[in-house]
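This is what each chain is made of:
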Amino acid sequence: MSAEDGNYHALLARHDAMRLRRQMLSSGAFPGAGGGSASGLRGPAGQPYDGVADQRTIMRDLDLVAPFEELIAHLYQALFTRHPSLRSLFPAEMAFQQAHLARAFWYLLEHLDRPEQITATFTQLGRDHRKLGVRPAQYAAFETALCEALRIRAGEHWTGELEQAWVRMVRFGITAMVQGAEAALHEPPCWEATVTAHRLCGPDLAVLRVRPRETFRYRAGQFTALESARLPHTWRPYYLAGEPGRDGDLEFHVRRTGPGGVSEALVRHTTAGDRIRLGPPKGNLALGEEPAGELHLVAWDTGWAAMKALLQELEGRLRPASEHRAGRVRLFLGADGLSSLYDTEYLTGFERSRPWLTVVPVTGGTPGEGAYDHLARAVTRSRPSAAGRALLAGPPAMVQTVTAALTRAGLPAEHVRHDPLPAGPRDLPGPAGSFGSAGPRMFQGQSVPA
């Protein structure tokens with residue numbers, strides 16, 4: 001695409017976003033929404049959305065449209081029937097996408113009484129969705145399909161009150177998404193990159209180095225979503241392993257988690273010279289501006305990628321003359337067994353010349369205990385100071401186990417940092433047990449890198 005074409009499409013996207021935003025913030029409904037108007041609805045830019053009444057209405061009649069798998073299946077069927085061209089924006093296999101949308105619905109439902117949290121989450125989501133090629137005006141088609149799906153699922157029990165509660169809820173999230181997309185128009189929706197090196201560290205683990213065509217700015221500890229050319233429109237998150245600005249290449253550590261997915265494509269079917277795409281960087285894992293102090297870095301398997309970037313940043317902050325005054329840094333690196341540890345040559349050399357760093361490999365465990373209990377035990381055995389901090393990267397279950405152990409050991413919860421995790425819902429009024437097999441999950445869990 002030429003620079004002129006890129007400018008044209010950026011202007012077109014801005015025009016779409018502004019037009020749709022005006023429609024959403026007015027009292028009228030989307031064109032063709034079929035649900036009348038959502039009178040008085042305001043988006044994040046206006047008065048705060050009071051979603052408590054809508055939360056009560058939707059939960060009261062949730063059994064009419066549950067389980068979400070069936071509601072969402074009807075939604076996509078209606079969307080692709082009315083707009084066949086939109087099918088190309090989605091992966092061939094829709095199961096992951098449908099689960100992704102179900103988590104988004106649950107997140108909205110659980111947070112209707114906290115609209116500021118919805119705004120923050122969906123603003124980031126809108127920025128991230130630009131990589132999928134979604135144009136803001138296409139959200140109107142989504143709303144129309146949702147209304148059709150609600151009517152099919154509720155049948156004779158459908159009411160305008162129920163439909164409008166859903167429309168207001170979804171429209172509030174979409175308003176934040178459009179604002180996030182608008183704010184990100186200065187950056188590419190995604191970055192084209194070339195694989196410059198692909199090194200197998202075992203049958204199911206690869207370290208990739210990729211070189212974006214355009215500058216890719218990120219912070220140490222962040223992650224980004226990757227798309228393989230073998231699986232268009234299918235993205236999975238991975239941590240960036242190198243310190244920003246060291247060279248033009250980016251490093252990713254990918255563990256194959258199953259057959260047929262992005263991880264298998266990246267580990268077993270990718271070589272130097274292949275093209276991949278990157279989404280915008282994101283994540284909450286960061287050293288912050290606090291003094292070094294006592295710092296615990298805890299990683300499981302490829303969570304080491306995030307810690308590698310953070311250690312490189314930490315080294316850059318410490319001048320050689322002040323290294324003897326640096327705080328104590330302990331890196332706990334967990335794995336199923338010794339054979340699962342990798343990049344050990346780099347780590348051994350790094351530790352040898354940094355007196356402020358202690359590396360503690362943690363493998364194995366006691367029969368009958370939880371998968372990550374031995375790692376949690378090793379971390380708490382070091383008796384972390386209440387004034388210290390801990391940064392965690394790895395599977396959600398590991399992060400939850402270690403976080404709980406650290407807080408029990410006296411480390412304040414606000415001193416433990418990690419990226420958002422899946423979680424169960426808080427108690428909400430509604431027909432318990434009638435939610436279907438989708439189960440309530442927080443949408444944010446989707447962001448946890450593999």
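First things first, this report covers the structure right here in the doc. (Residues numbered from 1 in each chain as written. Predicted model: local features only at pLDDT ≥ 70, side-chain atom pairs only at ≥ 80, totals over all residues. Heavy atoms only, no water.)

Points about the pairing of strand 3 (residues 223-228)
Part 1: For strand 3, the tally of buried residues reaches six of six residues, placing the bulk of the element in the interior.
Part 2: A two-sided burial pattern is seen for strand 3, the buried positions comprising Phe223, Ala225 and Glu227 on one face and Thr224, Leu226 and Ser228 on the other.
Part 3: Turn length for the strand 3-strand 4 (residues 235-239) hairpin, with the two strands adjacent in sequence and antiparallel, is six residues, and the turn residue His233 shows positive phi of about 65°.
Part 4: As judged from the three bridges shared by strand 3 and strand 6 (residues 275-278), these two strands associate in the antiparallel manner. Bridging across to strand 6, Ser228 finds its partner in Ile276. (Buried < 20%, exposed > 50% of the residue type's maximum accessible area, 1.4 Å probe, protein only. Helix = DSSP H or I, 4+ residues; strand = E, 2+ residues; numbered from the N terminus. Pairing = 2+ DSSP bridges.)

As for the packing of helix 4 (residues 68-82) against helix 5 (residues 95-110)
Part 1: Orientation of helix 4 relative to helix 5, taken along the N-to-C sense of each, is 115°, at an axis distance of 10 Å. Comparing their axes, helix 5 and helix 4 come out roughly perpendicular. The crossing of helix 4 and helix 5 is right-handed. For the pair helix 4 and helix 5, the contacting residues are Phe68, Leu71, Ile72, Ala73, Leu75 and Tyr76 in the first and Gln97, Gln98, Leu101, Ala102, Phe105, Trp106 and Leu109 in the second.
Part 2: Across the contact of helix 4 with helix 5, the residue classes tally to 11 nonpolar, two polar and no charged. (Axes fitted to C-alpha atoms, helices over the stretch in contact; angles between N-to-C directions. Parallel < 35°, antiparallel > 145°, perpendicular 65-115°, else oblique. Left-handed = near helix turned anticlockwise from the far one by under 90°. Contact = heavy atoms within 4.5 Å. Nonpolar A, V, L, I, M, F, W, Y, C, P; charged D, E, K, R; others polar.)

What to know about the side chain of Glu163
Part 1: Its place among the elements puts Glu163 in helix 8 (residues 160-183).
Part 2: Under the relative-accessibility criterion, Glu163 is labelled buried at 1%.
Part 3: Reaching out from Glu163, the side chain makes a polar contact with the side chain of Trp158 at a distance of 2.9 Å. (Polar contact = N/O pair within 3.5 Å; in protein donor to acceptor, adjacent residues only side chain to side chain.)

Notes on the nonpolar core
Part 1: If you look at the biggest cluster of nonpolar residues, it comprises 47 residues, and the most contacted ones within it are Phe68, Phe105 and Trp166.
Part 2: Among the secondary structure elements, those contributing two or more residues to this core are helix 2 (52-60), helix 3 (62-65), helix 4, helix 5, helix 6 (115-129), helix 7 (138-154) and helix 8.
Part 3: Here this core gets 10 residues from one element, more than from any other, and that element is helix 8.
Part 4: Beyond its immediate stretch of four places on either side in the chain, Phe105 contacts Phe68, Leu71, Ile72, Leu75, Phe142, Leu146, Trp166 and Val170.
Part 5: In this structure, Leu205, Ala220, Leu285 and Leu314 belong to the second largest nonpolar core, which totals 33 residues. (Core = buried A, V, L, I, M, F, W, Y, C linked by side-chain atoms within 4.5 Å.)

Topic: the packing of aromatic side chains
Part 1: As enumerated under the stated definition, the model contains 15 aromatic pairs in all.
Part 2: Both rings, one in Phe68 and one in Phe105, keep their centres 5.8 Å apart while their planes meet at 75°; by these two values the pair is edge-to-face. Separated by 37 residues along the polypeptide, Phe68 in helix 4 and Phe105 in helix 5 bring together distant segments of the chain. Pair check on accessibility: Phe68 and Phe105 agree, each one buried.
Part 3: Note on Tyr76 and Phe80: the rings are 5.7 Å apart at their centroids and 20° apart in plane angle, and the pair reads as stacked. Of this pair, Tyr76 and Phe80 both sit in helix 4, four residues apart, which is roughly one turn of that helix.
Part 4: Here a set of aromatic residues connected by ring pairs shows up, and it is made of Phe68, Phe105, Trp106 and Trp166.
Part 5: The ring of Tyr346 carries Lys308 above its face, with NZ or CZ at 4.3 Å from the centroid.
Part 6: Here Arg354 stacks its cationic end above the ring of Phe350, 3.9 Å away from the centre of that ring. (Phe/Tyr/Trp six-rings, centres within 6.5 Å; stacked < 30°, edge-to-face > 60°. Lys NZ or Arg CZ within 6 Å of the ring centre and 35° of its normal.)

Focus on the pairing of strand 2 (residues 205-212)
Part 1: Counting buried positions along strand 2 gives six out of eight residues, so the element sits mostly inside the fold.
Part 2: Alignment of strand 1 (residues 191-202) against strand 2, held across eight bridges, turns out to be antiparallel. Residue pairing across strands places Ala193 opposite Pro212, the latter belonging to strand 2.
Part 3: Linking two consecutive strands that pair antiparallel, namely strand 1 and strand 2, is a turn of two residues.

Observations regarding helix 8
At 3.6 residues per turn, the α-helix brings residues three or four places apart onto the same side.
Part 1: Its 24 residues give helix 8 an end-to-end C-alpha distance of 34 Å, which sits within 8% of 34 Å, the value for a rise of 1.5 Å per residue.
Part 2: Of all 24 residues in helix 8, 20 are buried, a share of seventy percent or more. (Expected span 1.5 Å × (residues − 1).)

With respect to the packing of helix 6 against helix 8
Part 1: One way to put it is that helix 6 packs onto helix 8 with a least axis distance of 6 Å and a crossing angle of 50°. For the element pair helix 6 / helix 8, the angle class is oblique. Handedness of the helix 6/helix 8 crossing: right-handed. Side by side, helix 6 and helix 8 meet where Pro115, Ile118, Thr119, Phe122, Thr123, Leu125, Gly126, Arg127 and His129 of the first sit next to Phe172, Gly173, Ala176, Met177, Gly180 and Ala181 of the second.
Part 2: Class assignment for the residues of the contact of helix 6 with helix 8 results in eight nonpolar, six polar and one charged.

A short note on the sheet that holds strand 7 (residues 295-300)
Strand pairing in a sheet is mediated by backbone hydrogen bonds. Such pairs are either parallel or antiparallel.
Part 1: Spatially, 9-8-7-10-11 is the arrangement adopted by the five strands of the open sheet, whose pairing is parallel. On the outer flanks of this sheet lie strand 9 (357-363) and strand 11 (416-417), each paired with one strand and no other.
Part 2: Pairing geometry for strand 7 and strand 10 (residues 389-393), over five bridges, is parallel. Note that in strand 10 the partner of His296 across the bridge is Ala390.
Part 3: Those strands touched by helix 11 (residues 344-352) are strand 8 (329-335) and strand 9, and its axis lies near 145° from that of strand 9.

With respect to unusual backbone geometry
Part 1: A cis amide bond, omega 0°, links Ala66 with the succeeding residue Pro67.
Part 2: Note that Pro67 resides in the loop between helix 3 and helix 4.
Part 3: One non-glycine residue with positive phi stands out, namely Asp301, at about 55°.
Part 4: With relative accessibility at 15%, the residue Asp301 sits in the buried group.
Part 5: Non-glycine residue Arg383 carries a positive phi angle of around 50°.
Part 6: As for its placement among the helices and strands, Arg383 is situated in the loop between helix 12 (373-381) and strand 10.
Part 7: Assessed through its relative accessible area of 72%, Arg383 is described here as exposed.

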